[in-house]
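A structural walkthrough
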Amino acid sequence: MSPDQSQLGKPVRYADRYDPSILFPISRAPKREEIGITGAPPFFGADLWTAFELSWLNPRGKPQVAIAHFTVPCETPNIVESKSLKLYLGSFNNSVFASADEVRDRLRADLGEAVWRGAPAPSSIGVRLLLPELFDQEPVQELDGLNLDRLDIECTDYTPAPHLLTAVSGEQPVEEVLTSNLLKSNCLVTGQPDWGSVQVRYTGPQIDQGGLLRYLVSFRNHNEFHEQCVERIFMDIWSRCRPTRLAVYARYTRRGGLDINPLRTSHPMALPANVRTARQ
């Protein structure tokens, strides 16, 4: 399905009963082809989602609430359009479930079917529910690394400009972790702004920090979904700067009670804890 066929930017009626048919999968393939990816992607990673507006009724009709954490492997053929996910979660509001475990299992089954639709599902997706007694254990932490935003630079490009990326050649490789809070892009369909923080962790020729910051700023007027932006950033750095190892991780502020936080890495690595930043 294409983004234009989704509920984004259109008036909709909220479902008042559980309805998994609301979920709207979008193929990753067309946008990956734009950045030179055909077949299996040249990276590992996952999309870490947090849902802050999840509620259902227990068998006695009493509302229950939870925060949900979802982990969607990047090898799934589809993403789920975020408005459809919000509407799907809203369909739990007046539906009765025997327990939080039943809710978790429904979420895992429904979201797994959507992201793997059209292909065999070699793995499941991760679903974790955080119940109210654990809410005060949810930490807030900024991304680790050297903050590029300290640089006093001039910015003139506001659509992706990979030519700004350069790396030193002929010197010893370095290992660095660089961050910025200046990532902004726009929704592919509605044009609404998406605000994020990004972390670039790499080993290899030293990347020019000013050029990297200008490049990240150049997404400011670019229309793509979060997952697509992070994959574009990964592929541009990988091809232009030629690191031996690379990981790009972005945390976007929430919209409609959801935040989306993609990670793409050149090598297998443990997923980061899904810990929100102050702006999230």
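Here is what the cut-offs are and how they apply
- Residues numbered from 1 in each chain as written.
- Predicted model: local features only at pLDDT ≥ 70, side-chain atom pairs only at ≥ 80, totals over all residues.
- Heavy atoms only, no water.
- Helix = DSSP H or I, 4+ residues; strand = E, 2+ residues; numbered from the N terminus.
- Buried < 20%, exposed > 50% of the residue type's maximum accessible area, 1.4 Å probe, protein only.
- Contact = heavy atoms within 4.5 Å.
- Phe/Tyr/Trp six-rings, centres within 6.5 Å; stacked < 30°, edge-to-face > 60°.
- Lys NZ or Arg CZ within 6 Å of the ring centre and 35° of its normal.
- Pairing = 2+ DSSP bridges.
- Axes fitted to C-alpha atoms, helices over the stretch in contact; angles between N-to-C directions.
- Parallel < 35°, antiparallel > 145°, perpendicular 65-115°, else oblique.
- Left-handed = near helix turned anticlockwise from the far one by under 90°.
- Nonpolar A, V, L, I, M, F, W, Y, C, P; charged D, E, K, R; others polar.

Here we come to the side chain of His-226. The residue His-226 is located in helix H5 (residues 226-241) in this model. Exposure remark for His-226: the relative accessible area of 10% places this residue in the buried category. Each residue touching His-226, except ones within four places of it in the same chain, is listed here: Asp-194, Tyr-252, Ile-260 and Pro-262.

Counted under the stated rule, the structure contains eight aromatic pairs. Relative to Phe-92, the ring of Tyr-88 lies with its centre 5.2 Å away and its plane at 90 degrees, an arrangement referred to as edge-to-face. On the basis of relative accessibility, which here comes to 0%, the residue Tyr-88 falls in the buried class. Look at Phe-92 and Phe-97: their rings are 5.2 Å apart centre to centre, the planes differ by 20 degrees, and that puts the pair in the stacked class. Looking at Phe-97, the relative accessible area reads 3%, which means it is buried. The structure contains a cluster of three or more aromatic residues connected by ring pairs, namely Tyr-18, Tyr-88, Phe-92 and Phe-97. Directly above the aromatic system of Trp-195 lies the positively charged group of Lys-184, at a separation of 5.9 Å from the ring centroid. Of note, Arg-254 hangs over the ring of Phe-52, and the distance from its end group to the ring centre comes to 3.6 Å.

Reading across the sheet, the eight strands line up as S5-S3-S2-S10-S9-S8-S7-S6 and stay open at both edges, with mixed pairing between neighbours. Because the sheet does not close on itself, it has two edges, and the strands there are strand S5 (126-130) and strand S6 (146-147). Inspection of the sheet shows strand S8 (residues 193-204) paired to strand S9 (residues 245-252) by eight bridges, in the antiparallel sense. When the sheet's bridge partners are listed, Val-200 is paired in S9 with Val-248. Packing against the sheet, helix H2 (residues 82-90) makes contact with strand S2 (44-57), strand S3 (63-73) and strand S10 (258-265), and its axis sits at approximately 35 degrees to S2. Contacting S2, strand S7 (174-186), S8, S9 and S10, H5 runs over the sheet at an angle of about 155 degrees to S9.

Contact geometry of H2 with helix H3 (residues 100-115) gives a least axis separation of 12 Å together with a crossing angle of 150 degrees. Looking at the two axes, H2 sits roughly antiparallel to H3. For the pair H2 and H3, the sense of crossing is right-handed. Taking contact as the criterion, the partners of Leu-85, Tyr-88 and Leu-89 in H2 are, on H3, Arg-106, Leu-107, Asp-110 and Leu-111. Here the residues of the contact of H2 with H3 are counted per class, giving five nonpolar, no polar and two charged.

Such coordinate-based values are descriptive only and should not be taken to indicate function.
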